[in-house]
Amino acid sequence: KAGVTQTPRYLIKTRGQQVTLSCSPISGHRSVSWYQQTPGQGLQFLFEYFSETQRNKGNFPGRFSGRQFSNSRSEMNVSTLELGDSALYLCASSLEGYGIPDTQYFGPGTRLTVL
Amino acid sequence: AQSVTQLDSHVSVSEGTPVLLRCNYSSSYSPSLFWYVQHPNKGLQLLLKYTSAATLVKGINGFEAEFKKSETSFHLTKPSAHMSDAAEYFCVVAAIKAAGNKLTFGGGTRVLVKP
C-alpha cells in the first residue's frame, strides 16, 4: 500500500505571496492532520480534517487554512507569507480517529522557504 | 491539557552500546504514547505505540519502551546501538478521542552514534 505523499517536496516563495501544499493520505485513511516543524518551535499541530470537516485546530493565525476533499486528499494554504513561515510542513493520515487514538502515518514533508 | 518533555536534547553513544532516551509526559487522561524517529530530510517513522495494554512495548529495529504511570515516564531503550540509529527521536502523546487526532510532540532528542 502506498504511503502518504506530499507535493511539492520543495518550494521557494517570497514574502507576501501565498502557497498551497497538497497531501494524499494512505488509501482508506479518512483523517488528515498537518504539522509545522521549525528548529525553534519544533513540531506543532496545525489542524486536522475528517470527512471534509475541520475537526481540530492548533494555535496558528488565520493565514493558515486547509480543506479536505471527498477522496480524503487534503490541501493547506498559507496566505501573505512571512519569513517565519519557512518550515517543513508534514502531513499525517490515520484510519478514522475513533476509539483508542489511531496511529498517524507521516509523509516526507514539504520544505517551504520564504525569502 | 497534555505535554511531553524529552529530558535530553542530544545523546551520544558508541556503536554497540545501549541507548536510553528519556521522556516524561503530562496528561489529564490515560494517555496514548508514541515514539517516532526522523532521519535527516525524511518524514517521521513510527517506532512504537503504547495504548494501555502491556506496559513494556516492543517496536521496530530492536527498540522498546516502558510505560511507568507512577513516574509519568515513557523512556525508549535499545540494547545495542547501530550506526543507522543516528537520527532525531520524538516522544509523542495523543489527545483523547473526543478531541480527534492531535499529537503533542516533545522537543526531540538527537542521537549521535560514534563508531
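Cut-off values and rules
Residues numbered from 1 in each chain as written. Chains lettered and ligands numbered in written order. Predicted model: local features only at pLDDT ≥ 70, side-chain atom pairs only at ≥ 80, totals over all residues. Heavy atoms only, no water. Helix = DSSP H or I, 4+ residues; strand = E, 2+ residues; numbered from the N terminus. Rg over C-alpha atoms; globule rule 2.2 N^0.38 Å. Areas by Shrake-Rupley, 256 points an atom, 1.4 Å probe, with all protein chains shown as cover. Lys, Arg positive; Asp, Glu negative; His and termini not counted. Charge placed at Lys NZ, Arg CZ, Asp CG, Glu CD. Disulfide = S-S within 2.5 Å. Buried < 20%, exposed > 50% of the residue type's maximum accessible area, 1.4 Å probe, protein only. Core = buried A, V, L, I, M, F, W, Y, C linked by side-chain atoms within 4.5 Å. Contact = heavy atoms within 4.5 Å. Phe/Tyr/Trp six-rings, centres within 6.5 Å; stacked < 30°, edge-to-face > 60°.

S.K.: Can you break down the overall build of chain B residue by residue, with the values?
M.R.: Within chain B, the regular secondary structure consists of 0 helices and 12 strands. Computed over its C-alpha atoms, the radius of gyration of chain B comes to 14 Å, within 12% of the 13 Å expected for a compact globule of 115 residues. Taken along its principal axes, the extent of the C-alpha atoms in chain B is 45 × 30 × 20 Å. Only carbon and sulfur atoms are counted for the fraction: they give 53% of the accessible area of chain B, which is about 5,500 Å². Each charge class in chain B was averaged separately, 11 positive and 7 negative side chains, and the resulting centres sit 8 Å apart.

S.K.: Can you explain the state of the cysteines? Please cite residues and give values.
M.R.: One covalent bond between the sulfur atoms of two cysteine residues makes up a disulfide. Overall, the coordinates contain 2 disulfides over all chains when judged by the stated rule. In this model C23(A) forms its disulfide with C91(A); the gap between the sulfur atoms is 1.7 Å. With the S-S dihedral at roughly -55 degrees, the linkage between C23(A) and C91(A) falls on the left-handed side. Here C23(A), found in strand β3 (residues 19-24), pairs with C91(A), found in strand β9 (residues 87-94); they are 68 residues apart in sequence, far enough to count as distant. Each member of the pair, C23(A) together with C91(A), is buried. Paired through a disulfide, C23(B) and C91(B) show a sulfur-sulfur distance of 2.0 Å.

S.K.: Would you mind going over the nonpolar core in detail, with residue names and values included?
M.R.: The biggest cluster of nonpolar side chains holds 26 residues, and the ones touching the most others in it are L21(B), W35(B), L47(B), L48(B), F74(B), L76(B) and Y89(B). When residues of this core are assigned to their parent elements, the largest contribution, 4 residues, is made by strand β10 (residues 87-94) of chain B. For L21(B), the residues in contact, after removing those within four places along its chain, are V11(B), W35(B), H75(B), L76(B), Y89(B), T109(B) and V111(B). Core analysis: the next-biggest nonpolar cluster, separate from the first, contains 21 residues, Y49(A), L81(A), Y89(A) and L112(A) among them.

S.K.: Requested: an account of the packing of aromatic side chains, with residues and values cited.
M.R.: Counted under the stated rule, the structure contains 13 aromatic pairs over all chains. A centroid spacing of 5.5 Å and a plane angle of 80 degrees characterise the contact between Y35(A) and F105(B), whose relative ring orientation is edge-to-face. You can see Y35(A) sitting in strand β4 (residues 31-38) and its partner F105(B) sitting in strand β11 (residues 103-105), one on each of two chains. Here F47(A) and Y49(A) contribute two aromatic rings whose centre-to-centre distance is 5.6 Å and whose plane-to-plane angle is 70 degrees, an arrangement assigned as edge-to-face.

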